[in-house]
Amino acid sequence: MEVSALEIVLLCIAALTAGVVDAIAGGGGLVTLPALLATGLPPHVVLGTNKGQSVFGSFAALVRFYRAGLLNKQLAAVTFPMGLVGSFMGAGLVLLMRPEVLKPVVLVLLVIVAAFLAFRRGPPPGERPEPPRQRLLSLGAIIALLIGTYDGFFGPGTGTFLIIAFSGLLGHGLTRASADAKVVNFASNLAAVSLFAYRGLVLWYVALPMAAAQFTGGWIGAHLAVRGGDKLVRKVVLLVVTALVLKLGRDVLAG
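Not measured: the values here are computed from a predicted model.

A.B. asks: In this structure, what is going on with the overall build of the protein chain? I would like to understand it.
C.D. replies: Each helix and strand in the protein chain was counted, giving 9 helices and 0 strands. Element order for the protein chain, N to C, with α for helix and β for strand: α-α-α-α-α-α-α-α-α. In the protein chain, of all internal contacts separated by at least 6 residues, the share reaching a separation of at least 24 is 84%. Split by element, the accessible area of the protein chain, about 11700 Å² in all, is 71% carbon and sulfur.

Structure below.
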């Protein structure tokens, strides 16, 4: 399992791009997973190494959103541990069920997400009331647990689903929903990388240089989301959803 210096440089470029995209709309794995697979590494090592670098990007985005004042600390205190538990549960489910079974279901869900974003009309950000505090925390916990489980089990589109869930169910604008999503994303990535590292499935000499690039990309992407607001996030989410639909549609037809 050798990866050349040139391949690592190209992987770092992919990780930088993925970090930017993922911080804004999720879907960074669409860039890094194919890039890692192209090196010829075994799929389980690709998954482990990808988590080893992506956890840094989600952390960078989380810090940037926090500094921008977009995080609800009470909500994060609930969603972080639930995302962590969900990811561990999802990783355990992989041993019982083939992830490929989920592909047709995810494809349908992504088409619904695309339609929701394209045609959704609502009050401007900040004018939509949040649910009562207890309902807000309960819904946040359920979202984090379910999508955290999905991330540990399968993964594609996790950040995008989180953004849509927080926006649609909690009434948050897309920029704030991106911040909410990063809390769960970081938790699920942290759980997954712990498991993969324990099993020796992370190539750290590849993951760490990519992590530096992913961290930088995550910071840039979160900064762009904060500056560009909901309009930018909506556009990038639609692009990511379209790419996910095309990729999963091809996988389903090929399978």
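That was the structure; now back to the text.
A.B. asks: How should I be thinking about helix α4 (residues 73-93) in this particular structure?
C.D. replies: Because an α-helix packs 3.6 residues into every turn, residues spaced three or four apart end up facing the same way. Over its 21 residues, α4 runs 30 Å from end to end, which matches the ideal 30 Å to within 8%, given 1.5 Å per residue. What α4 keeps buried is the set Leu75, Ala76, Thr79, Gly83, Gly86, Ser87, Gly90 and Ala91. Where α4 begins, one side-chain oxygen reaches toward the backbone nitrogen of glutamine 74, 3.0 Å away; that side chain belongs to asparagine 72.

A.B. asks: Mind showing me how you'd approach the confidence of the model for the protein chain here?
C.D. replies: Interpretation of the predicted coordinates at a detailed level should be avoided for regions scoring low in pLDDT. When pLDDT is averaged along the protein chain, the result is 84, and 85% of the positions lie at 70 or above. Taken together, the stretch residues 123-127 has pLDDT below 50 and engages in 2 contacts with residues farther than four places along the chain or on a different chain.

A.B. asks: What exactly am I supposed to notice about the pattern of salt bridges here?
C.D. replies: Pairing between side chains of opposite charge can happen when the charged atoms of each approach one another. Per the stated rule, a full pass over the model turns up 2 salt bridges. Residues aspartate 22 and lysine 182 are paired through a salt bridge, measuring 3.0 Å at the closest nitrogen-oxygen approach. Taken together, the residues aspartate 22 in helix α1 (residues 5-25) and lysine 182 in helix α8 (residues 174-198) connect sequence positions 160 residues apart. Here aspartate 151 and lysine 51 are joined by a salt bridge, their closest N and O atoms 3.4 Å apart. Linking aspartate 151 in helix α6 (residues 133-153) with lysine 51 in helix α3 (residues 43-67), this pair joins segments that are 100 residues apart in sequence. The exposure class assigned to aspartate 151 is buried, which follows from its relative accessible area of 7%.

A.B. asks: What am I meant to see in the packing of α6 against α8 here?
C.D. replies: For any two helices packed against each other, the geometry is given by the interaxial angle and the distance between the axes. Relative orientation of the contacting elements α6 and α8 amounts to 45 degrees, with a least axis distance of 10 Å. Accordingly, the angle class assigned to the pair α6 and α8 is oblique. The two elements α6 and α8 cross, and the hand of that crossing is right-handed. Within the contact between the two elements, α6 uses Ala144, Gly148 and Asp151 and α8 uses Val184, Asn185, Ser188 and Asn189. By residue class, the composition of the contact of α6 with α8 is 2 nonpolar, 4 polar and 1 charged.

A.B. asks: Would you mind showing me how to read the side chain of serine 178 here?
C.D. replies: Assignment of secondary structure puts serine 178 in helix α8. With relative accessibility at 1%, the residue serine 178 sits in the buried group. Polar side-chain contacts of serine 178 include one of 3.1 Å to the backbone oxygen of isoleucine 24. Those residues in contact with serine 178 that lie beyond four places of it in its chain are Ala23, Ile24, Phe65, Ile163 and Val233.

A.B. asks: Is there a simple way to explain the packing of aromatic side chains in this structure?
C.D. replies: The relative placement of two aromatic rings is captured by the distance of their centres and the angle of their planes. Under the counting rule described, the total for this entry stands at 3 aromatic pairs. Pairing phenylalanine 59 with phenylalanine 186 gives two aromatic rings, centres 5.4 Å apart and planes at 45 degrees, and the pair type is tilted. With phenylalanine 59 in helix α3 and phenylalanine 186 in helix α8, the pair connects residues that are 127 residues apart, well separated along the chain. According to the relative accessible area criterion, phenylalanine 186 is buried, its value standing at 13%. Relative to phenylalanine 161, the ring of tyrosine 150 has its centre 5.8 Å away and its plane inclined at 85 degrees; by these criteria the two rings are edge-to-face. Taken together, the residues span a long stretch of sequence, with tyrosine 150 in helix α6 and phenylalanine 161 in helix α7 (residues 158-170) at a distance of 11 residues. Exposure remark for tyrosine 150: the relative accessible area of 12% places this residue in the buried category.

Conventions adopted
- Residues numbered from 1 in each chain as written.
- Predicted model: local features only at pLDDT ≥ 70, side-chain atom pairs only at ≥ 80, totals over all residues.
- Heavy atoms only, no water.
- Helix = DSSP H or I, 4+ residues; strand = E, 2+ residues; numbered from the N terminus.
- Contact = heavy atoms within 4.5 Å.
- Areas by Shrake-Rupley, 256 points an atom, 1.4 Å probe, with all protein chains shown as cover.
- Expected span 1.5 Å × (residues − 1).
- Buried < 20%, exposed > 50% of the residue type's maximum accessible area, 1.4 Å probe, protein only.
- Polar contact = N/O pair within 3.5 Å; in protein donor to acceptor, adjacent residues only side chain to side chain.
- pLDDT = per-residue confidence, 0-100.
- Salt bridge = Lys/Arg side-chain N within 4 Å of Asp/Glu carboxyl O.
- Axes fitted to C-alpha atoms, helices over the stretch in contact; angles between N-to-C directions.
- Parallel < 35°, antiparallel > 145°, perpendicular 65-115°, else oblique.
- Left-handed = near helix turned anticlockwise from the far one by under 90°.
- Nonpolar A, V, L, I, M, F, W, Y, C, P; charged D, E, K, R; others polar.
- Phe/Tyr/Trp six-rings, centres within 6.5 Å; stacked < 30°, edge-to-face > 60°.

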